[in-house]
Amino acid sequence: MSDYPIWHPFTQMARFDRDPQLVIARAEANRLIDTEGKEYIDGVASIWANVHGHSHPKIVNAIQEQASKLQHSTLLGITHEPAIELTNRLNSIIPNDLKHIFLSENGASAVEVSLKMAIQFWANQGHPERNRIISLEMAYHGDTLGAVSVGGDGPFRDVYQPFLFEPIRFPNPYQYRCTMCSRGSVCTSECAAQLRPLLDQFAGQIAALIIEPRVQGAAGIIVSPDDHLRAIRYLCDQYDVLLIADEVATGFGKTGAMFACDLEQVTPDIMVLGKGITGGYLPLAATVATDRIYDAFYGEESKKLFHGHTYAGNPICCAAGIASIDLFSDGKVIEQVLSRAAVLTDFLEKRIADHPNVGDIRQQGLMVGIELVADKETREPLLPKSEATWNVCLAVREYGLFIRPLGDVIVLMPPLSIEEDEIDLMTEALRNGLDRIFPI
Ligand SMILES: *Cc1c(COP(=O)(O)O)cnc(C)c1O
């Protein structure tokens, strides 16, 4: 039994109690340091949140200064300077037509807000019948009930089924296991084309389509083909369906652009931000909307958005967000993501790709998914209850790397500040871990 009363999130506690314990004491730049003083590269950026590395003096100072001035004051009907400044900063980096920023504390909440916004947008204009949501297979939008509703089938969703609403689903662009474009042929985005008949069938009932633009994160870092997002934007426009881009995982530089939508010059009607918004230091999230959305709520009392969290837009969180966004201002951070991503590609090719259990390596910027298989030729998956991927992630700790898998997929998603020698170390540790768990 564990020595502590903590019930850990997304964790089988029986396994937690069996595994060696890792207690983190502090963190510097791209390393976590445990209570024994051993260092680990933070290979998943503290679950995809950390941006500029840990203990960055600019962000730490901003937090300390704000903490000494105003710790919390509500945004319900009144405002405060850190929220004003943060939303101005965000406005300067998000696509031009997105202007109105609704703050909350975590990605799932910000997704819930986006769904409620979309439904009420139509209701406020006399179209309550437009109340269905389209989502992609294997999607992940957070773990609250509304967010789980639009998420993919499987253990995240199945038990809670009686409490959920049903979205209209369409196939995701999973090229490695695609059943549409035939294997070996060029991808023709057949999956995106499947959207049109659904829109024909349901158009008058649909409020919005929600998508993780460019990269489906929790599905196993599934990278969509070029122009997939643009094709979806085009179809949503044709049928006047709102497009919600959930950039909680992809936002703030990880894909090689500030936002994944920027990679295809797409402007969604609603954009959802979380994880990296404070540089990964404090909880904060945002749901951002265009004038068209905002205007539909403007006017009578009954048209306001019925949503608001106690700590939404907390000033200390906002201060961290301001400092983090300022660190992007000279453009060097994104430039460095591109060069580091190229270095990572090389090391993955050199050290990881030839391993017999590595089936597919998917990469977009500094987001990497490595799908392990039982047989490289036939692409046969690992055995259903295989703990091999988990065991690889445990084994690499010994070589100074902390990572966490998603099913059969090993994820690498370091902070944007990752150095070349650390990429070298990460991939070497991973190779050693793979060789240990899958002896050749
Ligand atoms: C992590 C994630 C969420 C949920 O964010 P939380 O802060 O964990 O609630 C939502 N959408 C995507 C795409 C995510 O990766």
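Residues numbered from 1 in each chain as written. Predicted model: local features only at pLDDT ≥ 70, side-chain atom pairs only at ≥ 80, totals over all residues. Heavy atoms only, no water.

1. Quick notes on the side chain of Asn30
Counting through the fold element by element, Asn30 comes out in the loop between β1 (24–28) and β2 (31–34). With relative accessibility at 2%, the residue Asn30 sits in the buried group. A polar contact is formed between the side chain of Asn30 and the side chain of Glu422, at a distance of 2.8 Å. Those residues in contact with Asn30 that sit more than four places away from it in its chain are Tyr40, Ile41, Asp42, Gly53, Pro415, Ser417, Ile418, Glu419 and Glu422. (Helix = DSSP H or I, 4+ residues; strand = E, 2+ residues; numbered from the N terminus. Buried < 20%, exposed > 50% of the residue type's maximum accessible area, 1.4 Å probe, protein only. Polar contact = N/O pair within 3.5 Å; in protein donor to acceptor, adjacent residues only side chain to side chain. Contact = heavy atoms within 4.5 Å.)

2. A few points about the layout of surface pockets
Counted as a void, the second largest pocket has a volume near 920 Å³. Lining the second largest pocket are 29 residues, and of these Leu75, Ile101, Phe102, Leu103 and Tyr294 sit closest to its centre. Those elements giving two or more residues to the lining of the second largest pocket turn out to be α4 (81–93), β4 (98–104) and α11 (291–295). Tallying contributions element by element places β4 first for the lining of the second largest pocket, with five residues. Each residue belonging to the lining of the second largest pocket can be placed in one class, and the counts come to 16 nonpolar, nine polar and four charged. (1 Å grid on protein atoms, 1.4 Å probe; cavity = no way out; pocket = protein on both sides within 12 Å on 5 of 7 lines; lining within 4 Å. Points joined across faces, edges and corners; volume = space filled by probe spheres on them. Nonpolar A, V, L, I, M, F, W, Y, C, P; charged D, E, K, R; others polar.)

3. Describing the pattern of salt bridges
Applying the stated rule across the entire model yields 24 salt bridges. Ionic pairing is found between Arg89 and Glu85, a salt bridge with its closest N-O pair at 3.5 Å. Here the residue Arg89 and the residue Glu85 both occupy positions in helix α4, the gap between them amounting to four residues, near one helical turn. Judged by relative accessible area, Arg89 falls into the partly exposed class, the value being 23%. Classification of Glu85 by relative accessible area gives partly exposed; the value is 37%. Of the charged contacts in the structure, one is a salt bridge between Glu420 and Arg340, with a shortest N-O distance of 3.8 Å. (Salt bridge = Lys/Arg side-chain N within 4 Å of Asp/Glu carboxyl O.)

4. Things to note about the domain arrangement of the chain
Along its sequence, the chain is organised into domain 1 (13–55 + 331–437) and domain 2 (61–327). A C-alpha centroid distance of 26 Å is found between domain 1 and domain 2. With 34 residues of domain 1 at the contact, the number on the domain 2 side is 29 residues. The tally of links from domain 1 across to domain 2 stands at one salt bridge. Here Glu371 and Arg177 are joined by a salt bridge, their closest N and O atoms 2.9 Å apart. Linking domain 1 with domain 2 are 14 residue pairs in polar contact (both at pLDDT 80 or more), by the criterion used here. Elements represented by at least two residues in the side of domain 1 that touches domain 2 include exactly α2 (45–48), α13 (332–352), β13 (358–364), β14 (367–375), β15 (380–381) and β17 (409–412). (Domains from an automatic or database assignment.)

5. Details of the nonpolar core
Counting residues in hydrophobic clusters, the biggest one holds 91 residues, and the most contacted among them are Leu209, Phe252, Leu273, Ile370, Leu372, Ile403 and Leu430. If we skip the residues at most four places from it in the chain, Ile403 touches Gly43, Val44, Cys393, Val396, Ile410, Val411, Leu412 and Leu430. (Core = buried A, V, L, I, M, F, W, Y, C linked by side-chain atoms within 4.5 Å.)

6. Digging into empty space enclosed by the protein
In this structure the tally under the stated criterion is one cavity of 30 Å³ or more. Lining the largest cavity are Leu136, Pro173, Ile211, Glu212, Pro213, Arg214, Val215, Gln216, Ile222, Ser224 and His228. Class assignment for the residues of the lining of the largest cavity results in six nonpolar, three polar and two charged.

7. Quick notes on the pairing of strand β12 (residues 285–290)
Along β12, six of the six residues are buried, which leaves the element largely enclosed by surrounding structure. Side chains Ala285, Thr287 and Ala289 project from β12 onto one buried face, and the interleaved Ala286, Val288 and Thr290 project onto a second face that is buried too. The pairing of β4 with β12 spans six bridges and is classified as antiparallel. Its bridge partner lying in β12, Phe102 is registered against Thr287. Across four bridges, the pairing between strand β11 (residues 270–273) and β12 is antiparallel. Among the inter-strand pairings, Ile270 is bridged to a residue of β12, identified as Ala289. (Pairing = 2+ DSSP bridges.)

8. Structural notes on the sheet that holds strand β16 (residues 401–402)
Taken together, four strands build an open sheet; the order of strands is β1-β2-β3-β16 and the sheet is mixed. Edge positions in the open sheet fall to β1 and β16, since each of these has one partner strand only. As paired elements, β2 and strand β3 (residues 39–42) share three bridges and run antiparallel to each other. Bridging across to β3, Ile33 finds its partner in Glu39.

9. Quick word on helix α8 (residues 195–202)
The set of residues buried in α8 consists of Leu195, Leu198, Leu199 and Phe202. Projected down its long axis, α8 shows its buried positions confined to an angular sector of 100°, all on one face. Seen from the buried face of α8, the exposed residues on the opposite side, beyond 90 degrees, are Asp200 and Gln201. (Arc of directions from axis to C-beta.)

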